[in-house]
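What follows is each chain in one-letter form.
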Amino acid sequence: MAKNFQVLYFASARDATLAREETLSIPDDCHTLPVPQLIRNLTARHPGLQAVFKSAILAINNQYVDHAGRELDGGRMVEVKPGDEVAVIPPVSGG
Amino acid sequence: MQTSVASSATSTNPTHHVELTTDPISLAALVDFVRSDEAGAIATFSGTTRNSFIVSGVRKSVTELSYEAYAPMAIAQFHTILNEAQTTHFPTVIKLAVAHRTGVVPVGQESVIIAASSPGRKDAQNATAWILDELKRRVPIWKKEHYGDGSVATWKENGECSWLAGGPH
């Protein structure tokens, strides 16, 4: 059974990957993917993301998550599950 | 290109209006949304795109600004911010509205408009300022500046961005 999740790239992350969106899979021997491992996988796949991750964080299912996998709002630890929507979020500049 | 997205009315507060759109945004429409017979004040903020920025101490002319949003999350964040404004910080506020434009915003036009109404002026005025601060801290929207001197366009970063203050790790 495929254990896929989506990754969305915005702003400088999109420029670094030349992609808006990718479908990736959780390894067969795992149920979930820890966030530090996800970041290692993404930077191996797209070396340009190394510079982006100096200031970027992630969002998982619309919740901001730091590099350790801790939600900025509330501090809950999360891992990536099948069906999740992950986004690479460079520092925001709305307004 | 991103299409126009307005917030869904379901499971949101009917006294709040959130709009994310590639079309020009209208101050009059937001003022009309927050207008109320109970309100003695309507406060608004309009953020417009300007034609130059200081980059490393040098003034550079800007020919074009474009905004990109993670639309579903941006709309959710806006609703959270408006709810926090009303329930936690500015309890006399009657209605709140925010509109942010995405895609190319020509110089001189509005990229963001915020409107608030309240019985007296203080909560409406303070709410618009607070909502703008929170927008700059945590709503997933990004601005790219294109320069007149041909140098590489850059993605801006708000100094207010919530995870830059303490670092992302």
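Refer to the preceding data block for the structure.
Residues numbered from 1 in each chain as written. Chains lettered and ligands numbered in written order. Predicted model: local features only at pLDDT ≥ 70, side-chain atom pairs only at ≥ 80, totals over all residues. Heavy atoms only, no water.

### With respect to the overall build of chain B
Right, on to step 1. Counting secondary structure elements, chain B contains four helices and 10 strands.
Right, on to step 2. Overall, chain B shows an N-to-C arrangement of helices and strands of β-β-α-β-β-β-α-β-β-β-α-β-β-α.
Right, on to step 3. Projected onto its principal axes, the C-alpha positions of chain B cover 50 × 40 × 30 Å.
Right, on to step 4. Within chain B, counting contacts between residues at least 6 apart in sequence, those at least 24 apart form 69% of the total. (Helix = DSSP H or I, 4+ residues; strand = E, 2+ residues; numbered from the N terminus. Contact = heavy atoms within 4.5 Å.)

### Observations concerning the overall build of chain A
Right, on to step 1. Looking only at helices and strands, one finds three helices and seven strands in chain A.
Right, on to step 2. Its helices and strands in sequence order give chain A the pattern β-α-β-β-α-α-β-β-β-β, from N to C terminus.
Right, on to step 3. For 95 residues, the compact-globule estimate of 2.2 N^0.38 gives 12 Å, and chain A sits close to it at 13 Å.
Right, on to step 4. Along the three orthogonal principal directions, the C-alpha set of chain A runs to about 40 × 30 × 20 Å.
Right, on to step 5. By residue count, 52% of the 95 residues in chain A fall in the buried class.
Right, on to step 6. For chain A, contacts bridging at least 24 residues in sequence account for 56% of all contacts bridging at least 6.
Right, on to step 7. Just so you have it, chain A exposes about 4500 Å², and 50% of that area is on carbon and sulfur atoms.
Right, on to step 8. Between the centroid of the 9 positive side chains of chain A and the centroid of its 11 negative side chains there is a distance of 4 Å. (Rg over C-alpha atoms; globule rule 2.2 N^0.38 Å. Buried < 20%, exposed > 50% of the residue type's maximum accessible area, 1.4 Å probe, protein only. Areas by Shrake-Rupley, 256 points an atom, 1.4 Å probe, with all protein chains shown as cover. Lys, Arg positive; Asp, Glu negative; His and termini not counted. Charge placed at Lys NZ, Arg CZ, Asp CG, Glu CD.)

### Re the packing of aromatic side chains
Right, on to step 1. Following the criterion strictly, the structure yields four aromatic pairs over all chains and no others.
Right, on to step 2. A network of ring pairs unites the aromatic residues Phe10(A), Tyr70(B) and Trp142(B) as a single cluster.
Right, on to step 3. Across from the ring centre of Phe53(B), 4.3 Å away, lies the NZ or CZ of Arg50(B), which sits over that ring.
Right, on to step 4. The ring of Tyr147(B) carries Lys60(B) above its face, with NZ or CZ at 4.3 Å from the centroid. (Phe/Tyr/Trp six-rings, centres within 6.5 Å; stacked < 30°, edge-to-face > 60°. Lys NZ or Arg CZ within 6 Å of the ring centre and 35° of its normal.)

### Focus on unusual backbone geometry
Residues and elements named next belong to chain A.
Right, on to step 1. Phi is positive for Ala11, close to 50°, though the residue is something other than glycine.
Right, on to step 2. Note on Ala11: relative accessible area 0%, which makes it buried.
Right, on to step 3. One non-glycine residue, Asn62, lies in the positive phi region at around 70°.
Right, on to step 4. By the secondary structure assignment, Asn62 is in the loop between strand S4 (57-60) and strand S5 (63-65).

### Overview of the environment of Asp32(B)
Residues and elements named next belong to chain B.
Right, on to step 1. Looking at the element boundaries, Asp32 is found in helix H1 (residues 27-34).
Right, on to step 2. On the basis of relative accessible area, Asp32 is assigned to the partly exposed category, the value being 47%.
Right, on to step 3. A C-alpha to C-alpha distance of 9.8 Å links Asp32 and Ala97, two positions 65 residues apart in sequence.

### Regarding the environment of Ser162(B)
Right, on to step 1. With respect to the helices, strands and loops of the structure, Ser162(B) is situated in helix H4 (residues 162-166).
Right, on to step 2. For Ser162(B), a relative accessible area of 24% corresponds to the partly exposed category.
Right, on to step 3. In this structure the C-alpha to C-alpha distance between Ser162(B) and Thr128(B), which are 34 residues apart in sequence, comes to 19 Å.
Right, on to step 4. Non-local contacts of Ser162(B), meaning those with residues more than four positions away in its chain, are made with Leu72(A) and Arg137(B).

### Examining the interface of chain B and chain A
Right, on to step 1. Of the residues lining the interface, 30 residues belong to chain B; the matching set on chain A comes to 28 residues.
Right, on to step 2. Summed over both sides, the interface between chain B and chain A buries roughly 2300 Å², with carbon and sulfur atoms accounting for 58% of that surface.
Right, on to step 3. A salt bridge links Asp15(A) to Lys144(B); the nearest nitrogen and oxygen atoms lie 3.4 Å apart.
Right, on to step 4. In this assembly, chain B and chain A are joined by 19 residue pairs in polar contact (both at pLDDT 80 or more). (Buried area = accessible area lost by both parts, 1.4 Å probe. Salt bridge = Lys/Arg side-chain N within 4 Å of Asp/Glu carboxyl O. Polar contact = N/O pair within 3.5 Å; in protein donor to acceptor, adjacent residues only side chain to side chain.)

### Quick notes on helix H2 (residues 35-45) of chain A
Right, on to step 1. For H2(A), the complete set of buried residues consists of Val35(A), Leu38(A), Ile39(A), Leu42(A) and Thr43(A). The buried residues of H2(A) occupy an angular sector of 125° when the element is viewed end-on, so they sit on one face. (Arc of directions from axis to C-beta.)

Keep in mind these values describe shape, not function.
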